[in-house]
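The primary structure of each chain is shown beneath.
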Amino acid sequence: MSRILIVAEHDGSALNAATAKTVSCAADFGAEGVDVVVFAADGASVAEQAAKLAGVARVLRIDHTANAQPLAAVLAPQVAALAADYSHVLGPSTTFGKDLMPRVAALLGVGQLSDIMEVQSAYSFRRPIYAGNAVITVEAPEDRTLVATVRVASYAAAAEDGAAEIESRELAVALPEHTRFKEVRGGSSDRPDLQTAPRVVSGGRALGSSENFELIFSFADSIGAAVGASRAAVDAGYVPNELQVGQTGKIIAPELYIAVGISGAIQHLTGIKDAGTIVAINKDGEAPIFEVADIGLVGDLFKVIPELQSALN
Amino acid sequence: MEKIMVAVKRVVDYNVRVRVKPDGSGVVTDGVKMSINPFDEIALEEALRIRERGDASEVIVVSIGSTECQQQLRTGLAMGADRAILVETSQAVEPLAAARVLLKLIEREGADLVILGKQAIDDDNSQTGQMLAALWERPQATFASAIEFAEGKATVTREVDAGLEVIEVDLPAVVTTDLRLNEPRYVKLPDIMKAKKKPLENIAIADLDVVIDPQFKVTNFAPPEQRQKGVMVEDVAGLVKALKDKGLV
């Protein structure tokens, strides 16, 4: 029987929703037990949040000053030390998990499976390749620890009605000092988080400038949505990179996605294909975004968006 | 610093719309244009800029794969790399095996910095750099959008989900590149001619004494599920009605 360890992602105080989605994926393994490990300087609050996730048997809390920031080089040997008790070690396929999990796998001398989108059995999975243009079925060997990342957009968050036990542990592992955290420069945090928001409004190159992009922010704020952008809009410098939606940016699955002035390059479509409803607003009726949109409107965004904003408020 | 090693992968060109073979045995690659993985091209460009501003003296570009990978290495030489190494194999090489091969090359050549793309656009794994750093027991700075050097250290700005993270790593280290690190140069014809004279060494993978054993078995390739085309509305009123009908507003 499988025993699964999930590495929690958090910011020091709040558990990231990607963790709850990874727990949902783990539920499909038919495992004997699912544990979550929280690495932090003081993981009390995060561990409590993780303990509420349905399906989690136990939360391991590893408090250490070196764990104040999620440095892969520091966390990996600790995860590897814990891995001996588990058949599977999972992390979210976010920048946190992508940074950490391959390092864990290499320390264990095993390969790593990226972006699980479907679990067929504890050792058989489906995952996207070629920017989502193909989906492969992959079988992993049963005689080795399976280290993997979970494509979180493929899963809903686990419910929060659980009550797992929390266990504090100390690990006798030498931690490297060759890597030091300096700072994180984030965007404004008073807007909903792009990766987990149920509503997202994204703008594309058609916005034309960062001043004009305010139209998107204003509309998104009026309906309580997170703001995203196409790679073209990011490359043009209208908005910072962390707003980028697509294969090379964030892969998201909101209930409602409104694409404004986005033509719909394949790499963008890959990032939104799990969205509930896609609305496209574009002046070019031939834009590929309309091929995947549930609701399409051909029109000038500079007229449509203010009109839509006032109609909805 | 002395040497920078850059690893490049030969992949289906990013402009090619990849299609799955009808029998599910793979994707169509016959007659398809092949190129350096775009993220690796950014890695090479960064190494060249570091050398050009005097922070390094040599850039070695390496690849692992079939004889055809020489084409991509020649492109790397034409961009400006000093020399190239191809570790030749006809086998599929998983990221862990690639990391083991790269470590052997580091031990042989010496390297103060290894730069790779953050992921290859074929398998989309995003693993090799991190695995190499682990095996080498050195720092990793993934998804880099800026790199600066001072006194045996690198300060790297990383593109993370929360925004930009800055870390400091001791050298030697592994860096993987994100899109906004730089814009790779175009190769000019005289450079292609010059590149023909630059050294390109071939090593058989068997000569490196590395465990390659593939761990994962791909049993099927399928096209992605397509979303159905929806409805077109005429105006904002129609859009609002459609959203209301779906209970979304």
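Conventions used here
Residues numbered from 1 in each chain as written. Chains lettered and ligands numbered in written order. Predicted model: local features only at pLDDT ≥ 70, side-chain atom pairs only at ≥ 80, totals over all residues. Heavy atoms only, no water. Pairing = 2+ DSSP bridges. Helix = DSSP H or I, 4+ residues; strand = E, 2+ residues; numbered from the N terminus. Axes fitted to C-alpha atoms, helices over the stretch in contact; angles between N-to-C directions. Domains from an automatic or database assignment. Contact = heavy atoms within 4.5 Å. Buried area = accessible area lost by both parts, 1.4 Å probe. Salt bridge = Lys/Arg side-chain N within 4 Å of Asp/Glu carboxyl O. Nonpolar A, V, L, I, M, F, W, Y, C, P; charged D, E, K, R; others polar. Parallel < 35°, antiparallel > 145°, perpendicular 65-115°, else oblique. Left-handed = near helix turned anticlockwise from the far one by under 90°. Polar contact = N/O pair within 3.5 Å; in protein donor to acceptor, adjacent residues only side chain to side chain.

## What to know about the sheet that holds strand 7 (residues 124-129) of chain A
Phase 1: Pairing is antiparallel across the open sheet formed by four strands, whose spatial order is 6(A)-7(A)-8(A)-12(B). Taken across any chain shown, the strands that pair with only one partner, and hence form the sheet edges, are strand 6 (118-121) of chain A together with strand 12 (217-222) of chain B. Sheet twist, expressed as the average angle between the axes of neighbouring strands with direction ignored, equals 30°.
Phase 2: Pairing geometry for strand 6 of chain A and strand 7 of chain A, over three bridges, is antiparallel.

## Things to note about the domain arrangement of chain A
Residue and element names in this part refer to chain A.
Phase 1: Each assigned domain of chain A is listed with its residue range as follows: domain 1 (3-168) and domain 2 (199-312).
Phase 2: Once you take the C-alpha centre of each, domain 1 and domain 2 turn out to be 31 Å apart.
Phase 3: Each partner contributes to the interface: domain 1 provides seven residues, whereas domain 2 provides eight residues.
Phase 4: It is A131, R151 and A153 that lose the most area in domain 1 upon contact with domain 2, and together they represent 69% of the buried surface on that side.
Phase 5: Run the count over domain 1 and domain 2 and you get one salt bridge.
Phase 6: Between R151 and D274 there is a salt bridge, and its shortest N-O distance comes to 2.5 Å.
Phase 7: Along the lines of polarity and charge, the residues of the side of domain 1 that touches domain 2 split into three nonpolar, three polar and one charged.

## Regarding the packing of helix 5 (residues 210-222) of chain A against helix 9 (residues 301-312) of chain A
Residue and element names in this part refer to chain A.
Phase 1: Where helix 5 meets helix 9, the closest approach of the two axes is 10 Å, and the angle between their N-to-C directions is 20°. On the basis of the axis angle, helix 5 is roughly parallel to helix 9. Handedness of the helix 5/helix 9 crossing: left-handed. Side by side, helix 5 and helix 9 meet where N212, L215, S218, F219 and S222 of the first sit next to L301, F302, I305, P306, L308, Q309 and L312 of the second.

## Considerations on the interface of chain B and chain A
Phase 1: Of the residues lining the interface, 74 residues belong to chain B; the matching set on chain A comes to 84 residues.
Phase 2: Taken together, chain B and chain A are joined by 10 salt bridges.
Phase 3: E291 of chain A serves as the salt-bridge partner of K229 of chain B, at 3.6 Å between the closest nitrogen and oxygen.
Phase 4: Applying the counting rule to chain B against chain A returns 47 residue pairs in polar contact (both at pLDDT 80 or more).
Phase 5: Elements with a contribution of two residues or more to the side of chain B that touches chain A: helix 3 (95-109), helix 4 (128-136), strand 7 (140-150), strand 8 (153-160), strand 9 (163-170), strand 12, strand 13 (231-233) and helix 6 (236-245) of chain B.
Phase 6: Of the residues forming the side of chain B that touches chain A, the biggest block, eight residues, is contributed by strand 9 of chain B.
Phase 7: For the side of chain B that touches chain A, a count of residues per class yields 36 nonpolar, 14 polar and 24 charged.
Phase 8: Direction of pairing for strand 16 (residues 295-298) of chain A relative to strand 13 of chain B: parallel, over a ladder of three bridges. Along strand 13 of chain B, the bridge assignment pairs G296 of chain A with M232 of chain B.

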